Amino acid sequence: DTRAMSFSKRANLPNTHPLAAFLLHLIVIKRTNLCLSADVTTTSALLNIAEEVGDSICMLKTHVDIISDFGEKTVRGLRDIARRKRFLVFEDRKFGDIGSTVQKQYTAGPFSIVRWAAITNAHIFPGPAIVTALKAAAADAIAAFNRSVETEISVGTPRPSSDEDDGSFDGSSEGVSNDGDTTKLPLRKRSIVAATTIESSTESTTLERGALDEATAQAENDREKALEALGSPPLARGLLLLAEMSSEGNLLTGAYTQKCIDIARDHNDFVIGFIAQHDLNSKPGDNFITCTPGISLPPPGQEGQKVSGDGLGQQYNTPHKAIVQEGCDVVIVGRGILSAKDRAAEAERYRREAWKAYEERVGA
Ligand code: BMP
């Protein structure tokens, strides 16, 4: 039963996707199961909020198609802050088309999501091929990147060391396809290790896990040391499936939700969790991370007050209800934090509440 299990234990369960294991360890070390929904419309607003609340979150969720000036500055800026403040980037793209189209939407166009977002999400209404198509596109992108790095190493043209591996490809606008000009791609020694991790995951992840256990054990005493031991995120991509929604009258219920769970189980080498309103792990071996939007807290000093909706269909629950009663793992908060006067302080308040709820659930 993953509900009663600590995140560190879950990180070490067999068959845990390397990115999911990384996220779970990160959550423990930073003591945060809070994801910020950074629904802002300019690059500077995005980078400002990431900087302000980065210490309090494990993940930052974007909607890049609402950013009016999205470009290299956005990708590089976000990558640098994510690397410094230690969080994963999740593009809330909600793919929902035939396989061939979603592959292009994932890897090409102005956003090239696969390059910079470790995590993205998809609806399953087009059928399971949406998952296999995105999985194949991610694998191709990573393989192309690794090939180009290997070529570059053998040619011996290392790039400046500031371009360390951080699980993103590079900041150039050329996308991930290797068009032969390897000088466009930064050299990252770790990518070679990451390639091994992807192709023969058992050996390398077992090795890494010993170190990670020590890292999380150390977290209580020395967060910085633990973060250092955790290292960079693996060069891997993960998908969340939309199994349930928070909005009033939505159709993601019953048999649809069940189908989503079946598809996730069939592809747990790529699907790391769900967007859902409650924990959907029910079979032995299930270890999906439940990420839950529609979360809000009454303003400080008005704790008894009920938080309901936004007048546009959104419905809110408290972190305590989502995590303790519904068994959710990561709470996603947008306007609750974005509209606060002191956003850093408000993010900390949400982090504390969500972490306390997790500790209550697992009996820590
Ligand atoms: P807010 O906390 O401001 O209501 O924002 C919620 C965020 O989560 C939005 O970015 C929305 O797109 C997303 N979201 C949601 O609210 N409900 C869902 O079921 C799925 C979502 O992705």
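These figures come from a predicted structure and were not determined experimentally. (Residues numbered from 1 in each chain as written. Predicted model: local features only at pLDDT ≥ 70, side-chain atom pairs only at ≥ 80, totals over all residues. Heavy atoms only, no water.)

**What about the overall build of the chain?**
Keep this limit in mind: Numbering of helices and strands runs from the N terminus, with a helix taken as a DSSP run of H or I at least four residues long and a strand as a DSSP run of E at least two residues long. Areas reported as accessible are Shrake-Rupley estimates using a 1.4 Å probe. Residue values count occlusion only from the protein chains shown.
From N to C terminus, the chain includes 14 helices and 8 strands. For the chain, the computed accessible surface area is about 15600 Å², with 52% contributed by carbon and sulfur atoms.

**Structural notes on the sheet that holds strand S8 (residues 330-333)**
By way of backbone hydrogen bonds, the strands of a sheet pair with one another, either parallel or antiparallel. Where we set the bar: Strand pairing is defined by DSSP finding a minimum of two bridges between the two strands. Interaxial angle, 0 to 180 degrees, is taken between N-to-C directions of lines fitted to C-alpha atoms, where a helix line uses only the stretch in contact.
In spatial order, the strands read S1-S2-S3-S4-S5-S6-S7-S8; together these 8 strands close into a barrel with parallel pairing. The sheet shows a mean angle of 25 degrees between the axes of neighbouring strands, direction not considered. Of the pairings in the sheet, the one linking strand S1 (residues 34-37) to strand S2 (residues 59-62) comprises 3 bridges and is parallel in character. Across the sheet, residue serine 37 finds its bridge partner in S2, namely lysine 61.

**Points about the pairing of strand S6 (residues 271-275)**
Put simply, the rule reads: Exposure is judged per residue with a 1.4 Å probe applied to protein chains only, and the accessible area is read against the type maximum: over 50% gives exposed, under 20% gives buried, and values in between give partly exposed. Handedness of a crossover: with both strands directed away from the viewer, a clockwise path from the first strand across the helix to the second marks it as right-handed.
Counted residue by residue, S6 has 5 buried out of 5 residues, so it is predominantly covered. Sheet topology note: the strand S5 (residues 238-242)/S6 ladder contains 4 bridges and is parallel. Directly across from leucine 239, in S6, lies its bridge partner valine 271. With helix H11 (residues 254-266) bridging S5 and the parallel S6, this β-α-β connection has right-handed handedness. Examined bridge by bridge, S6 and strand S7 (residues 289-292) share 3 bridges and lie parallel to one another. Across the sheet, isoleucine 275 pairs through a bridge with cysteine 291, a residue of S7.

**Thoughts on the side chain of arginine 237**
The criterion, for reference: In the analysis that follows, any N or O atom pair within 3.5 Å is treated as a polar contact, provided that within protein one partner can donate a hydrogen and the other can accept it, and provided that, for residues neighboring in sequence, both atoms belong to side chains.
Within the element layout of this structure, arginine 237 appears in the loop between helix H10 (223-230) and S5. By relative accessible area, which is 3% here, arginine 237 ends up buried. A polar atom in the side chain of arginine 237 sits 3.3 Å from the backbone oxygen of alanine 117.

**Section: the site of the ligand**
Put simply, the rule reads: Residues are labelled near a given molecule or strand when at least one of their non-hydrogen atoms is within 4 Å of it. Residues are sorted three ways: Asp, Glu, Lys and Arg are charged, Ala, Val, Leu, Ile, Met, Phe, Trp, Tyr, Cys and Pro are nonpolar, and all the rest, Gly among them, are polar.
Around the ligand, the structure places 15 residues, and the nearest of them are Asp39, Lys94, Ser246, Tyr316 and Arg335. Residue histidine 63 places a side-chain N or O atom 2.9 Å away from an oxygen atom belonging to the ligand. The backbone of arginine 335 places a nitrogen or oxygen atom 2.7 Å from an oxygen atom of the ligand. The protein chains hide 90% of the 480 Å² of surface that the ligand would expose on its own. When grouped by side-chain class, the residues that make up the shell around the ligand number 5 nonpolar, 5 polar and 5 charged.

**Here we look at the pattern of salt bridges**
Side chains bearing opposite charge may pair, as long as their charged atoms lie close to each other. Note the cut-off: The rule for a salt bridge is simple: a side-chain nitrogen of Lys or Arg has to be within 4 Å of a carboxyl oxygen of Asp or Glu.
Within the structure shown, the criterion is met by 22 salt bridges. Arginine 335 serves as the salt-bridge partner of aspartate 310, at 3.0 Å between the closest nitrogen and oxygen. Here the residue aspartate 310 occupies a position in the loop between S7 and helix H12 (319-325), and arginine 335 occupies one in helix H13 (residues 335-338), the gap between them amounting to 25 residues. Connected via shared salt-bridge partners are Glu51, Asp55, Arg84 and Lys85.

**Here we look at unusual backbone geometry**
Despite not being glycine, arginine 31 shows a phi value in the positive range, around 50 degrees. Among the structural elements, arginine 31 can be located in the loop between helix H2 (18-30) and S1. Its identity as a non-glycine residue notwithstanding, serine 112 has a phi of 35 degrees, on the positive side. Among the secondary structure elements, serine 112 is positioned in the loop between helix H5 (99-107) and helix H6 (113-116). Serine 112 gets classed as buried once you look at its relative accessible area, which sits at 5%.

**Brief notes about the nonpolar core**
This is how it is decided: Think of a nonpolar core as a cluster: buried Ala, Val, Leu, Ile, Met, Phe, Trp, Tyr and Cys residues, connected wherever their side-chain atoms sit within 4.5 Å. Every residue pair with non-hydrogen atoms within 4.5 Å of one another is taken to be in contact.
By size, the foremost hydrophobic cluster in this structure holds 97 residues, and its most contacted members are Met59, Leu241 and Phe274. Here this core gets 10 residues from one element, more than from any other, and that element is H2. Apart from the residues lying within four places of it in its own chain, the contact partners of phenylalanine 274 are Leu240, Leu241, Ala243, Cys260, Ile261, Ala264, Leu280, Phe288, Ile289, Thr290 and Cys291.

**A short note on the UniProt feature "active site" (unreviewed entry) in the chain**
Condition: UniProt positions are given in the numbering used here, feature names are shortened, and annotations may be inferred rather than shown by experiment.
With numbering aligned to this structure, UniProt lists the feature "active site" (unreviewed entry) at Asp92, Lys94 and Asp97. Within the secondary structure layout, aspartate 92 lies in strand S3 (residues 88-95). For aspartate 92, a relative accessible area of 8% puts it in the buried group. Other than its neighbours up to four places away in sequence, aspartate 92 contacts Lys61, Thr62, His63 and Asn121. Here histidine 63 takes part through its side chain, which lies 3.2 Å from a polar atom of the side chain of aspartate 92.

**Here we look at the pairing of S7**
Every other side chain in a regular strand lies on the same face of the sheet, so the side chains alternate between the two faces. Of the two faces of S7, the one lined by Ile289 and Cys291 and the one lined by Thr290 and Thr292 are each fully buried. Sheet topology note: the S7/S8 ladder contains 2 bridges and is parallel. Bridge pairing in S8 links threonine 292 to valine 331. One crossover worth recording links S7 to the parallel S8 by way of H12, and it is right-handed.

**Some remarks on the packing of aromatic side chains**
Let me state the cut-off plainly: The criterion for an aromatic pair is that two Phe, Tyr or Trp rings (for Trp, the six-membered ring) have centres within 6.5 Å, with stacked assigned to planes under 30 degrees apart, edge-to-face to planes over 60 apart and tilted to the rest.
Counted according to the given criterion, the structure contains 6 aromatic pairs. Taking 5.6 Å as the distance between ring centres and 70 degrees as the angle between the ring planes, the aromatic pair formed by phenylalanine 95 and tyrosine 106 counts as edge-to-face. On the criterion of sequence distance, the pair formed by phenylalanine 95 in strand S3 and tyrosine 106 in helix H5 is long-range, its members being 11 residues apart. Their ring planes at 45 degrees and their centres at 4.7 Å tell us that tryptophan 355 and tyrosine 358 sit as a pair that is tilted. With tryptophan 355 and tyrosine 358 both in helix H14 (residues 343-362), this residue pair falls 3 residues apart, about one helical turn. Aromatic ring contacts, followed pair by pair, group Phe7, Trp355 and Tyr358 into a single cluster.

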